[in-house]
Amino acid sequence: MGREMANSTPNQKQQPSAMSYTVEQLVAVNPYNPDILPDLENYVNEQVSSQTYSLSANLCLLRLYQFEPDRMSTQIVSRILIKALMAMPAPDFSLCLFLIPERVQMEEEFKTLIVLSHYLETARFSQFWNEAARSRHIVDAVPGFEQAVQAYAVHVLSLTFERVPRSVLAEAINVEGLSLDKFIDHHVSNPDWAIEKSQDKGQLIILPRNEFNHLELKKSTVDSVPLEHIARIFPILG
Amino acid sequence: MAGTASFDYGSQQQKPEAESAAAGYDPNYVPDSVRSFVVHIYRHIREKNVYEIHQMYETSFQSISDRFFKDSPWPSVDAVAPYVDNDHVFCLLYREMWFRHLYARHSPTLKQRIDSWDNYCSLFQVVLHGVVNMQLPNQWLWDMVDEFVYQFQSFCQYRAKMKSKTEQEIALLRQYDQAWNVYGVLNFLQALVEKSTIIQILEQEKEGLVQFTATDGYDYNGGSNVLKVLGYFSMIGLLRVHCLLGDYHTGLKCLLPIDISQQGVYFSVIGSHITTIYHYGFASLMLRRYVDSIREFNKILLYIFKTKQYHQKSPQYEQILKKNEQMYALLAISLSLCPQVMLVEETVNSQLREKYGDKMLRMQRCDDEGFALFDELFSYACPKFITPSAPSYEEPLVNYNQDAYRLQLKLFLYEVKQQQLLSGVRTFLKVYSTISLGKLATYMEVDEPTLRTILMTYKHKTHAVDSDGKITSNADVNFYIDDDMIRVVEFKPAKRYGDYFLRQIVKVCLEFNIFLISICIMHMFIFSFLSRHCSAARRGYVGC
């Protein structure tokens, strides 16, 4: 189920280091053991510094906090939430919130993160980047944050657009001018993007085609009868 | 009896504690029918006569309870022990039923709750140490796990109502802080899963090495089914506990070894079947996997519709009906967020329209009223969430039994809010095959940048990415934007004609003759040919 330990963004690589291996094992063997709480807290910090990610370990820690609210560290919870934001489009952020008591969520820092998540969930990227700029002190604590959100933005754009105006892309990833040229060049050289000049409005970026943003690639499953279903009537016909 | 109380999430009120000590109850008095009951069921257990055990468990226990113990508990275990050779395991089983009857018909006192916990500890320890060689009916084993989780949930609710606690009760709570401790509960369930090696058994069964599902978990070679089947049901117990805690991801992970697309042992007891699908569907709903929840709710609601009549005399009948209603409410929610009606079978759909048709129309509107309806249906149909931690006894005593529920409700409504503009977009996209962003923005009375965010939100909310980076679409309308033009790819027809025709063919074949079949098949192909061409034609002229 789901994507535990998975990384949807290229910036959160799963490193098979000795440390992560033992913690994952620890969680698998002792999912309900309060003794592993300090290990899990250390592991959150390691995920931050090594840019790795493990949803199942973090959920396990939040569960232990839920059982023993006195041991909760807001700093750790905040880091878990930022990591969960970076895992967008996966619903990890909500999964974490479900386990965090409401009175904790009322703290300023968490309120900010909830607003950030709301902007990402509703694809309001310009508002997101404005808010993130105001909350540098929170999100800068986790390396790779910006790149992860940009990867999510590109994901949503490529689900939606076949050809996207440069300005829309710029707003979504919060990059302009030369840096944007670089960003686009990088993707063009990776050969899945292409640039097109439209007559009146400037550049259009052609995003990689997939079955969600292109007509022909859409599998037409609608109202076709699968063979297994037809096979059901063979015995009667025969 | 069979875990009658365990589905009861709805009722909030509790009878005063004193009532359970009904006047005139003599725990040492054993009526003849009780003596005969324990003597016989004990003998059947020793002889491994599962059929007779099941009969007595399902029928006799119920009828004796109705006749003699409507207002009082059953005789104490000490009073019946002499009739069953003071058998240790049987006495544990008897006490388990004794408490279950008490919970179902009376309000347990704190002392009784603690005693019941102790009894579960002894019982599960005996099972875990493998000294049990009995063969018990699945119904009974399911009821044990179900009741265990129910009593845990009930205890958490009880403890959270701190305002009305007496000093004596608080002293007891502090003294017995291990009773119904969340670690204890989870670890017992986990231990049963591990010790039974049920996960490996299910794996081996796929390779044809062992039989489990085929024999409904029973062992016909003289072994015991108790640990294995308890382990199996404990996976469902874990799913439920995790849902009660709001940990949906972990809950579904606990259920993974059971393939719910197939009939498994969970199917053999209606209560376990319903509990499994109800929690699976609810967790999927909270994880935004609406198609999964719609599909499974549809299947079980159809199943209940078809088999309801066979359960009319069952002690669980009322609970079946209640869960049935709750699952219709959850289906209404899922379909309002993800209008894929073609996943729902006709019978279920017409029941749904009857119950929630009007409300579902209003839920489509993104006004306060629609919002209030999501609130209403969620509150009616959600599990009874719990706060697992003990209260702080030093601070002023406050009730916190609603905290967990309020949090889940709030977060769910948050999600609804994020999706509230999507139903408007759907309506338009179903009518057009191409439309410019500017024009649609005017129709929807928003500006273009806002419209873009709404369309991207639609895409994000209807597409899930799994661990391999594979994208699955739950979208009911497919479209993409090319610069500033929206192109709608295909509008799915409301009905699955292929499926419909195939079912008609099967029906007809069984009643008439081969001649008619060929006509049906011809119709089917002509129709699907026509419908495909019609939709192509529609795309041609509806565009702007």
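Cut-offs used in this document
- Residues numbered from 1 in each chain as written.
- Chains lettered and ligands numbered in written order.
- Predicted model: local features only at pLDDT ≥ 70, side-chain atom pairs only at ≥ 80, totals over all residues.
- Heavy atoms only, no water.
- Core = buried A, V, L, I, M, F, W, Y, C linked by side-chain atoms within 4.5 Å.
- Buried < 20%, exposed > 50% of the residue type's maximum accessible area, 1.4 Å probe, protein only.
- Domains from an automatic or database assignment.
- Axes fitted to C-alpha atoms, helices over the stretch in contact; angles between N-to-C directions.
- Helix = DSSP H or I, 4+ residues; strand = E, 2+ residues; numbered from the N terminus.
- Parallel < 35°, antiparallel > 145°, perpendicular 65-115°, else oblique.
- Left-handed = near helix turned anticlockwise from the far one by under 90°.
- Contact = heavy atoms within 4.5 Å.
- Nonpolar A, V, L, I, M, F, W, Y, C, P; charged D, E, K, R; others polar.
- Salt bridge = Lys/Arg side-chain N within 4 Å of Asp/Glu carboxyl O.
- Phe/Tyr/Trp six-rings, centres within 6.5 Å; stacked < 30°, edge-to-face > 60°.
- Pairing = 2+ DSSP bridges.

Here we look at the nonpolar core
Phase 1: Counting residues in each nonpolar core, the largest one holds 244 residues, and the members touching the most others are Trp 140, Tyr 232, Phe 233 and Ile 333 of chain B.
Phase 2: Shared between two domains, this core holds at least three residues of each, these being domain 1 (1-143) and domain 2 (161-238) of chain A.

Digging into the packing of helix 2 (residues 50-68) of chain B against helix 4 (residues 88-105) of chain B
All names here are of chain B.
Phase 1: One can describe the packing of helix 2 onto helix 4 by two numbers: an axis separation of 13 Å at closest approach and a directional angle of 55°. One finds that helix 2 runs oblique with respect to helix 4. Seen from above, helix 2 lies across helix 4 with right-handed handedness. Facing Tyr 57, Phe 61, Gln 62, Ser 65 and Asp 66 of helix 2, the residues of helix 4 in contact are Met 97, Arg 100, His 101 and Arg 105.
Phase 2: In the contact of helix 2 with helix 4, the residues fall into three nonpolar, three polar and three charged.

Overview of the pattern of salt bridges
For side chains bearing opposite charge, pairing can occur when the charged atoms are close.
Phase 1: All told, the structure shown has 35 salt bridges over all chains when counted by the stated rule.
Phase 2: Residue Lys 410 of chain B is joined to Glu 102 of chain A by a salt bridge in which the shortest nitrogen-to-oxygen separation is 3.2 Å. Pair noted here: Lys 410 of chain B is in helix 17 (residues 403-419) and Glu 102 of chain A is in helix 6 (residues 102-105), and the two residues belong to different chains.
Phase 3: You can call Glu 102 of chain A partly exposed: its relative accessible area is 25%.

Side note on the environment of Pro 257 of chain B
All names here are of chain B.
Phase 1: By secondary structure assignment, the location of Pro 257 is in the loop between helix 11 (248-255) and helix 12 (270-286).
Phase 2: Each C-alpha atom of the pair Pro 257 and Tyr 232 lies 9.3 Å from the other, and the pair is 25 residues apart in sequence.
Phase 3: Sequence-distant contacts of Pro 257, that is, excluding residues within four places in its chain, are made with Ile 199, Leu 202 and Met 235.

What about unusual backbone geometry?
Phase 1: Following Met 88 of chain A, the chain continues into Pro 89 of chain A via a peptide bond in cis, with omega recorded as 10°.
Phase 2: Among the structural elements, Pro 89 of chain A can be located in the loop between helix 4 (74-86) and helix 5 (92-97).
Phase 3: Positioned with a positive phi, Lys 48 of chain B is a non-glycine residue whose angle comes to about 55°.
Phase 4: Structurally, Lys 48 of chain B is set in the loop between helix 1 (32-46) and helix 2.

Quick notes on the packing of aromatic side chains
All names here are of chain B.
Phase 1: Enumeration over the complete set of coordinates arrives at 40 aromatic pairs over all chains.
Phase 2: On the basis of an interplanar angle of 85° and a centroid distance of 5.1 Å, the ring pair of Phe 124 and Phe 148 is categorised as edge-to-face. Note that Phe 124 is positioned in helix 5 (residues 110-128) and Phe 148 in helix 6 (residues 138-160), a separation of 24 residues in sequence. When sorted by exposure, Phe 124 lands in the same class as Phe 148, which is buried.
Phase 3: On the basis of an interplanar angle of 50° and a centroid distance of 6.0 Å, the ring pair of Phe 282 and Phe 385 is categorised as tilted. Of this pair, Phe 282 sits in helix 12 while Phe 385 is found in the loop between helix 16 (368-381) and helix 17, placing the two residues 103 residues apart along the sequence. Of the two residues examined, Phe 282 and Phe 385, each falls in the buried class.

Observations concerning the pairing of strand 1 (residues 161-165) of chain A
Phase 1: Most of strand 1 of chain A sits inside the fold, with four of its five residues counted as buried.
Phase 2: One ladder, built from two bridges, connects strand 1 of chain A with strand 4 (residues 477-482) of chain B; its direction is parallel. Opposite Phe 161 of chain A, over in strand 4 of chain B, you have Ile 481 of chain B as the bridge partner.
Phase 3: Of the pairings in the sheet, the one linking strand 1 of chain A to strand 3 (residues 202-206) of chain A comprises three bridges and is antiparallel in character.

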